[in-house]
Amino acid sequence: MNKKQEILETSLTDNFHYPEFCLKASLDSSIFKDFRTNAIYNAALEHDSFEQGQEYLEAIKSSHSNVLTKIDEFLKNDKIGNPRVFDYEGIGTIAPPTLRYIKILSDLESEFGSLDNFNICEIGVGYGGLCRIINSYFKVKSYRLIDLKPVLLLAQKYLENYIFNTTISYKTMHELPKENYDLVISNYAFTEMRREIQDVYLDKVVLSAKKGYITYNEINPEDFNSYTKEELIKRIPNVKVMQEVGILHHKDCILVW
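Note that the structure is a prediction, hence the values are computed from the model and not measured.

Student: How should I be thinking about the overall build of the chain in this particular structure?
Tutor: Helices and strands together make up the secondary structure of the chain, namely 11 helices and 9 strands. Against the 2.2 N^0.38 benchmark of 18 Å for 257 residues, the chain shows a C-alpha radius of gyration of 17 Å, consistent with a compact globule. C-alpha extents for the chain along the principal axes are approximately 50 × 45 × 35 Å. Considering only residue pairs separated by 6 or more positions, the chain has 73% of its internal contacts joining residues 24 or more positions apart. Total accessible area computed for the chain in this model is approximately 12200 Å², and 50% of it derives from carbon and sulfur atoms.

Student: Please clarify how the sheet that holds strand E8 (residues 240-243) should be interpreted in this entry.
Tutor: Whenever strands of a sheet pair, they do so through backbone hydrogen bonds, lying parallel or antiparallel. The 7 strands lie next to each other as E5-E4-E3-E6-E7-E9-E8, forming an open sheet whose pairing is mixed. Two strands in the sheet have a free side with no partner beyond their single neighbour: strand E5 (167-171) and E8. Averaged over all pairs of adjacent strands, the angle between their axes in this sheet comes to 20 degrees, without regard to strand direction. Along the sheet, helix H7 (residues 96-112) makes contact with strand E6 (183-187), strand E7 (211-216), E8 and strand E9 (253-256), crossing E7 at roughly 140 degrees. Those strands touched by helix H9 (residues 149-159) are strand E4 (142-146) and E5, and its axis lies near 160 degrees from that of E5.

Student: Help me understand the packing of aromatic side chains in this model?
Tutor: Any aromatic ring pair is given by two values, namely how distant the centres are and how the planes are angled relative to each other. Scanning all chains against the criterion turns up 12 aromatic pairs. A centroid spacing of 4.8 Å and a plane angle of 85 degrees characterise the contact between Tyr137 and Phe138, whose relative ring orientation is edge-to-face. Aromatic side chains Tyr158 and Tyr162 sit 5.3 Å apart centroid to centroid with 50 degrees between the ring planes, which places their arrangement in the tilted category. On the accessibility criterion, Tyr158 (0% relative accessible area) is buried. Three or more aromatic residues joined by ring pairs make a cluster, and in this case those are Tyr18, Phe21, Phe32, Phe35, Tyr41, Tyr101, Tyr127, Tyr158 and Tyr162. Stacked on the ring of Tyr227, the Lys or Arg Arg195 has its end atom at 4.1 Å from the ring centre.

Student: I keep staring at the pattern of salt bridges and nothing clicks. Help me out?
Tutor: Opposite charge on two side chains makes pairing possible when the charged atoms of those side chains draw close. Summed over all chains, the structure comprises 17 salt bridges. The residue Lys240 makes a salt bridge to Glu111 at a minimum N-O spacing of 3.0 Å. Here Lys240, found in strand E8, pairs with Glu111, found in helix H7; they are 129 residues apart in sequence, far enough to count as distant. Here the residues in one salt-bridge network are Arg100, Lys103, Asp107 and Glu244, joined through shared partners.

Student: It is not clear to me how the side chain of Ser65 should be interpreted in this structure. Could you clarify?
Tutor: Residue placement: Ser65 occurs in the loop between helix H5 (50-61) and helix H6 (71-74). Among the residues examined, Ser65 registers a relative accessible area of 14% and is labelled buried. A polar contact is formed between the side chain of Ser65 and the side chain of Glu109, at a distance of 2.6 Å. Among residues more than four places away in sequence, those in contact with Ser65 are Ser106, Glu109 and Ser110.

Student: Would you explain the side chain of Asp252 in this entry?
Tutor: Examined against the element boundaries, Asp252 turns out to sit in the loop between E8 and E9. Despite being buried, Asp252 has no salt bridge partner; Arg100 is the closest side chain of opposite charge, sitting 7.1 Å away.

Student: What exactly am I supposed to notice about the environment of Phe74 here?
Tutor: Mapping Phe74 onto the fold places it in helix H6. Using a relative accessible area of 0% as the deciding quantity, one classes Phe74 as buried. Between the C-alpha atoms of Phe74 and Thr98, which are 24 residues apart in sequence, the distance is 7.8 Å. Those residues in contact with Phe74 that lie beyond four places of it in its chain are Val67, Thr98, Ile102, Leu105, Arg132, Ile133, Ser136 and Tyr137.

Student: I'm lost on the confidence of the model for the chain in this one. Help?
Tutor: For the chain, per-residue confidence averages 93 on the pLDDT scale, and residues scoring 70 or more make up 94% of the total. Within the model, pLDDT remains below 50 along residues 1-8, and this stretch shows 4 contacts once partners closer than five positions in the same chain are excluded.

Student: In this structure, what is going on with a nonpolar patch on the surface? I would like to understand it.
Tutor: A surface patch of nonpolar side chains, about 270 Å² in accessible area, is lined by Leu23, Leu27 and Leu153. Structurally, the position occupied by Leu27 is in helix H2 (residues 17-27). With relative accessibility at 67%, the residue Leu27 sits in the exposed group.

Student: I keep staring at the packing of H5 against H7 and nothing clicks. Help me out?
Tutor: The packing of two helices is summarised by the inter-axis angle and the distance between the axes. Viewed as axis vectors pointing N to C, H5 and H7 meet at an angle of 25 degrees, and their least axial separation amounts to 8 Å. The orientation of H5 with respect to H7, classified from their angle, is roughly parallel. Crossing of H5 against H7: the hand is left-handed. Note on element contacts: H7 touches H5 through Pro96, Leu99, Arg100, Ile102, Lys103 and Ser106, opposite Phe50, Gly53, Tyr56, Leu57, Ala59 and Ile60. For the contact of H5 with H7, a count of residues per class yields 8 nonpolar, 2 polar and 2 charged.

What counts and how
- Residues numbered from 1 in each chain as written.
- Predicted model: local features only at pLDDT ≥ 70, side-chain atom pairs only at ≥ 80, totals over all residues.
- Heavy atoms only, no water.
- Helix = DSSP H or I, 4+ residues; strand = E, 2+ residues; numbered from the N terminus.
- Rg over C-alpha atoms; globule rule 2.2 N^0.38 Å.
- Contact = heavy atoms within 4.5 Å.
- Areas by Shrake-Rupley, 256 points an atom, 1.4 Å probe, with all protein chains shown as cover.
- Pairing = 2+ DSSP bridges.
- Axes fitted to C-alpha atoms, helices over the stretch in contact; angles between N-to-C directions.
- Phe/Tyr/Trp six-rings, centres within 6.5 Å; stacked < 30°, edge-to-face > 60°.
- Buried < 20%, exposed > 50% of the residue type's maximum accessible area, 1.4 Å probe, protein only.
- Lys NZ or Arg CZ within 6 Å of the ring centre and 35° of its normal.
- Salt bridge = Lys/Arg side-chain N within 4 Å of Asp/Glu carboxyl O.
- Polar contact = N/O pair within 3.5 Å; in protein donor to acceptor, adjacent residues only side chain to side chain.
- Lys, Arg positive; Asp, Glu negative; His and termini not counted.
- pLDDT = per-residue confidence, 0-100.
- Patch = residues over 30% accessible without salt bridge, like charges linked within 9 Å, V, L, I, M, F, W, Y side chains within 5 Å.
- Parallel < 35°, antiparallel > 145°, perpendicular 65-115°, else oblique.
- Left-handed = near helix turned anticlockwise from the far one by under 90°.
- Nonpolar A, V, L, I, M, F, W, Y, C, P; charged D, E, K, R; others polar.

Put into structure tokens, the structure is as follows:
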């Protein structure tokens, strides 16, 4: 790997293939219509199995949350991008990753109550699916999405298919000002970054956020020198560790504060 490549690879998904595909899908409607079943895209996202979806659903049902009252609204997430869907008893036909987003929403409601009027920041946004789920349930004041520029372009193309009553903004790490958010969310993305990139997000977003929800994993190459769970517990005040479901790696967990 040459120095240029090393600088560009800020995270596991900053690997040329994934952002290049996101850019193509954002520009070409023929690619966009099936982007959620594309092999390159599935290597990074949208690869949850039926069984994982079942675990997410059971976690939702056992939570102190009422999110399933809006299941018909959540099902609309899967009308775009042609995802792989399965039939789940009592729910209908839905993509397992969409169930994952609903499970995260149920966690957020159980931990924090209403997110109405919250200023939210999401680090690592996928195609914008979690943003859409949260905003179809709560009346969020503002929602900022942070990712690589090609990923943001794809998320914007996806989210433009829906109506929102909140202010949505799209920023890369370099465009991001230092602000105080009511809630910061990251679904694995933060823990899949190099330490020097994590430091930028810790300074600009994480440490100043009133509340936080980060799904954590340890799958990075050694040279990333990413923060361990133990190190993050020391860095983030009042953080607690929650058990994750549908995990692929035994160290997966959720950090909440």
